[in-house]
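Residues per chain are reported as follows:
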Amino acid sequence: MKKSFLSSSFLKKPLSAAMMTGLLIGGAVEAATLKISHIRPQGAIVDQELKVFASDVEKATEGDVKVKIFAASALGDYTTVQERISVGAVDMAVQPAATAASRQMQITYFPYVAANWKEAKVAYGPGGAIYEAMKELYAKQDITMLAAYPVYFGGVALNRDAVSPGDANVEKGIKVRVPGIKSFQLTSDSLGYISSPIPFSEAFTAVQTGVVDGVIGSGAEGYYASFRDVTKTYVPVNTHFEAWYMLINSETLADMDSEDRDALQKAAKTFEAKRWERAEADQSDYEQKLADYGATIVKLSDEELAAAAKKVRAEVWPQILEDIGAEWGQGILDKIAN
């Protein structure tokens, strides 16, 4: 007989979605299916990598634990899913951090924290200052962060001819959609654009109909996935480093059999390590895909990138620090600098 999915303590706690799935008619627990959500369409890179993760988990647990993937926000947008993981209604996800639950989570979107992939891994990789800060913030929501998932450095997608930050044309008023997150709004303004907070679900139509001229908040992969038909120009100005996180409800993880829990966590670490190995190449690939689709890629010099970073750090960082707690936020930034 296979080992139990749950530890002996499960009877003392409310049953999560995964536990309910694992219960058999006779009351014994034989296996369970974990529901995992992500925001990209089926077949996207994260979807492919999660299929490998799911296979690894099932194999390592001898079928005790299965992972069912729900692509394209089928379980709700990432803000809703984070809330549902917190209460155990959804088991897992790989997705961006939702700052509505905690303004301090803006630390993951801090603009120009890293200038390159090496610096990004120091901050966002295992043991990094932002990595550890996010683990603690998720834990306060009864969510365990199993891994970080590096995606790309952000940029600006425009449905108009090539314009880079600092050009005179920017000052004439290019309006861009930004997420409803303060750090993105401030960064957009600092780079010379007019920011317009618009929900993601409405962003494509807003660009298509000319309500805004473009989008800030994503990178080449995200723009190719969702905005390639309205992207004439892509400016890789490195607005922020995009990291998603693999999350699981803490009760669900704690109530797993210790061997199954260890297997799941090991598979998550493998998932994380593989992503760091290929993320930089994926970013370049998607910039090329945008170009092949007809977009102009504005190549910025190191001097232009450094100037943008200097301006945003001076103008935006103090405002975000005030919003998230200056002492707490500065302490994390100081760890990265050291």
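Everything numeric in this text was worked out from a predicted model, so none of it was measured. Within each chain, residues carry numbers counting from 1 in the order of the written sequence. Given that this is a predicted model, residues contribute local features only at a pLDDT of at least 70 and side-chain atom pairs are listed and counted only at 80 or more, while totals for whole chains, interfaces and linings are drawn from all residues. As a convention, hydrogens and water are excluded, and side-chain values are obtained from all of the structure's heavy atoms.

Concerning the overall build of the chain
Consideration 1: Check the secondary structure of the chain and you find 13 helices and 11 strands.
Consideration 2: Across the chain, the fraction of contacts at a sequence separation of at least 24, relative to all contacts at a separation of at least 6, is 75%.
Consideration 3: Put simply, the chain shows about 14800 Å² of open surface, and 50% of that area lies on carbon and sulfur atoms. Note on conventions: DSSP H or I runs of at least 4 residues are helices, E runs of at least 2 residues are strands, and numbering of each starts at the N terminus. The contact rule is simple, with two residues in contact once any of their heavy atoms fall within 4.5 Å. Per-residue and other accessible areas follow the Shrake-Rupley method at a 1.4 Å probe size, with only the shown protein chains counted as cover for residues.

Description of the sheet that holds strand E5 (residues 155–158)
Consideration 1: A pair of strands is treated as paired once DSSP finds two or more bridges between them. Reading across the sheet, the six strands line up as E7-E6-E8-E5-E9-E11 and stay open at both edges, with mixed pairing between neighbours. Two strands lie at the open edges of the sheet, namely strand E7 (194–197) and strand E11 (296–297), each paired on one side alone.
Consideration 2: Bridge analysis of E5 against strand E8 (residues 214–218) gives four bridges, and the strand direction is antiparallel. Counterpart to Leu158 in the pairing with E8 is Gly214.
Consideration 3: All axes are obtained by fitting lines to C-alpha atoms, using only the stretch in contact for helices, and the reported angles, taken between N-to-C directions, cover 0 to 180 degrees. With respect to the sheet, helix H7 (residues 182–190) is in contact with strand E6 (175–178), E7 and E8, its orientation differing from that of E7 by roughly 155°.

Section: the pattern of salt bridges
Consideration 1: Here, a salt bridge means any Lys or Arg side-chain nitrogen found within 4 Å of an Asp or Glu carboxyl oxygen. Across all of its chains, the model carries 10 salt bridges by this definition.
Consideration 2: Measuring nitrogen to oxygen at the nearest pair gives 3.1 Å for the salt bridge that ties Glu315 to Lys311. Here Lys311 and Glu315 lie together in helix H12 (residues 302–324), a separation of four residues that amounts to about one turn.
Consideration 3: Classification of Glu315 as partly exposed rests on a relative accessible area of 37%.
Consideration 4: Bridged by salt links that share partners, the residues Glu49, Arg275, Arg278 and Asp282 form one connected network. Residue exposure (1.4 Å probe, protein chains only): buried if accessible area is under 20% of the type maximum, exposed if over 50%, otherwise partly exposed.

Details of the packing of helix H2 (residues 45–60) against helix H11 (residues 258–292)
Consideration 1: At a minimum axis distance of 10 Å, the contact between H2 and H11 shows a crossing angle of 160°. Accordingly, the angle class assigned to the pair H2 and H11 is roughly antiparallel. Here H2 and H11 pass one another in a crossing that is right-handed. Residues Ile45, Glu49, Leu50, Val52, Phe53, Asp56, Val57 and Ala60 of H2 lie in contact with H11, whose contacting residues are Ala263, Leu264, Ala267, Ala268, Phe271, Lys274, Arg275, Arg278, Asp282 and Tyr286.
Consideration 2: In the scheme used here, Gly and all other residues not listed as nonpolar or charged are polar, with Ala, Val, Leu, Ile, Met, Phe, Trp, Tyr, Cys and Pro taken as nonpolar and Asp, Glu, Lys and Arg as charged. Here the residues of the contact of H2 with H11 sort into 12 nonpolar, no polar and six charged. For classification, angles of less than 35 degrees are called roughly parallel, those exceeding 145 degrees roughly antiparallel, those between 65 and 115 degrees roughly perpendicular, and all remaining angles oblique. Two helices cross in a left-handed way if the nearer one is turned anticlockwise from the farther one by less than a right angle. They cross in a right-handed way if the turn is clockwise.

What to know about the side chain of Ser218
Consideration 1: On the secondary structure map, Ser218 appears in strand E8.
Consideration 2: For Ser218, the residues in contact, after removing those within four places along its chain, are Arg40, Tyr152, Gly154, Gly155, Tyr223 and His240.

A look at the side chain of Glu272
Consideration 1: Looking at the secondary structure, you find Glu272 in helix H11.
Consideration 2: With residues near it in sequence (within four places) discarded, Glu272 still touches Pro126, Tyr131, Ala147 and Ala148.

Some remarks on unusual backbone geometry
Consideration 1: Phi angles above zero are rare outside glycine, and Glu62 is one such case at about 55°.
Consideration 2: Tracing the backbone shows Glu62 in the loop between H2 and strand E2 (65–70).

Let's talk about the environment of Asp64
Consideration 1: By the secondary structure assignment, Asp64 is in the loop between H2 and E2.
Consideration 2: The class for Asp64 is buried, based on a relative accessible area of 0%.
Consideration 3: For the pair Asp64 and Ala31, spaced 33 residues apart in sequence, the C-alpha to C-alpha distance is 4.4 Å.

Concerning the sheet that holds strand E10 (residues 241–249)
Consideration 1: Strand order in the open sheet made by the five strands is E2-E1-E3-E10-E4, with mixed pairing throughout. In the strand order of this sheet, the two ends are held by E2 and strand E4 (143–153), each with one partner. The average undirected angle you get between the axes of adjacent strands in this sheet is 20°.
Consideration 2: Across the sheet, helix H4 (residues 117–124) touches E4 and E10, and the angle it forms with E4 is around 170°.
Consideration 3: Against the sheet, H11 touches strand E1 (32–38), E2, strand E3 (92–95), E4 and E10, its axis set at about 10° to E4.

Quick word on the pairing of E2
Consideration 1: Where E1 and E2 come together, six bridges link them in parallel fashion. For Ser37, the partnering residue across the bridge sits in E2 and is Phe70.
Consideration 2: With H2 bridging E1 and the parallel E2, this β-α-β connection has right-handed handedness. Whether a crossover is right-handed depends on one test, that the path from the first strand over the helix to the second runs clockwise when the strands point away from the viewer.

Some remarks on the environment of Ala147
Consideration 1: With respect to the secondary-structure elements, Ala147 resides in strand E4.
Consideration 2: Once the C-alpha coordinates of Ala147 and Leu247 are considered, the two residues, 100 residues apart in sequence, prove to be 7.5 Å apart.
Consideration 3: Once residues lying within four places of it in the same chain are set aside, the contact partners of Ala147 are Tyr131, Trp244, Tyr245, Met246, Ala268 and Glu272.

Regarding H4
Consideration 1: Considered for burial, the residues of H4 that qualify are Trp117, Ala120, Ala123 and Tyr124. Considered in projection along H4, the buried side chains sweep an arc of 120° and stay on one side of the axis. Looking at H4, the residues exposed on the side facing more than 90 degrees away from the buried face are Lys118 and Val122.
Consideration 2: Tucked inside the fold, the buried residues of H4 contact helix H5 (129–139), E4, E10, H11 and helix H13 (326–337). This arc is built from the directions going out from the helix axis to the C-beta atoms.

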